[in-house]
Amino acid sequence: MLACALGHAYGPQPERGVFRTADGGKTWEKALFVDENTAAPTWEWIPTILDLFAGMWQIEIHTWGRTSGGPGSGLFKSTDGGITWKRLRGMAYHILQ
């Protein structure tokens, strides 16, 4: 099972990223972590190709505005059930290739 974590968006913190459990949620481990400024708001499983995709978003919110996007943001792909992840690059990230 996988879970995406935005964490609180009011500053850097380690509770961001994609977390994975193999025991029904008793214990969790970080499966994908970019940095303390980058959250994982969503992931998607494409059953026709059996791959997982996770969108990572660098975000920090303040009362006066927000910082959105940055070098931590990107699209990541896993071909082994979320154990390892690879950042996708290039036009349209070549998702289905």
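Residues numbered from 1 in each chain as written. Predicted model: local features only at pLDDT ≥ 70, side-chain atom pairs only at ≥ 80, totals over all residues. Heavy atoms only, no water.

Draft legend 1. Quick peek at the side chain of Thr 38. Here Thr 38 shows up in strand 4 (residues 38–46). At 2.8 Å, the side chain of Thr 38 and the side chain of Asp 35 are in polar contact. Not counting chain neighbours up to four residues away, the residues in contact with Thr 38 comprise Arg 16, Gly 17, Met 56, Trp 57, Gln 58, Gly 72 and Ser 73. (Helix = DSSP H or I, 4+ residues; strand = E, 2+ residues; numbered from the N terminus. Polar contact = N/O pair within 3.5 Å; in protein donor to acceptor, adjacent residues only side chain to side chain. Contact = heavy atoms within 4.5 Å.)

Draft legend 2. Spatial organisation of the pattern of salt bridges. All chains considered together, the criterion is met by two salt bridges. Residues Arg 20 and Glu 29 are paired through a salt bridge, measuring 3.8 Å at the closest nitrogen-oxygen approach. The exposure class of Glu 29 is partly exposed, given its relative accessible area of 45%. The closest approach of N and O atoms between Asp 51 and Lys 77, which form a salt bridge, is 3.3 Å. Within this pair, whereas Asp 51 is found in strand 5 (residues 51–62), its partner Lys 77 is found in strand 7 (residues 74–78), the two being separated by 26 residues in sequence. Taken individually, Asp 51 and Lys 77 each receive the classification buried, so the pair is uniform in this respect. (Salt bridge = Lys/Arg side-chain N within 4 Å of Asp/Glu carboxyl O. Buried < 20%, exposed > 50% of the residue type's maximum accessible area, 1.4 Å probe, protein only.)

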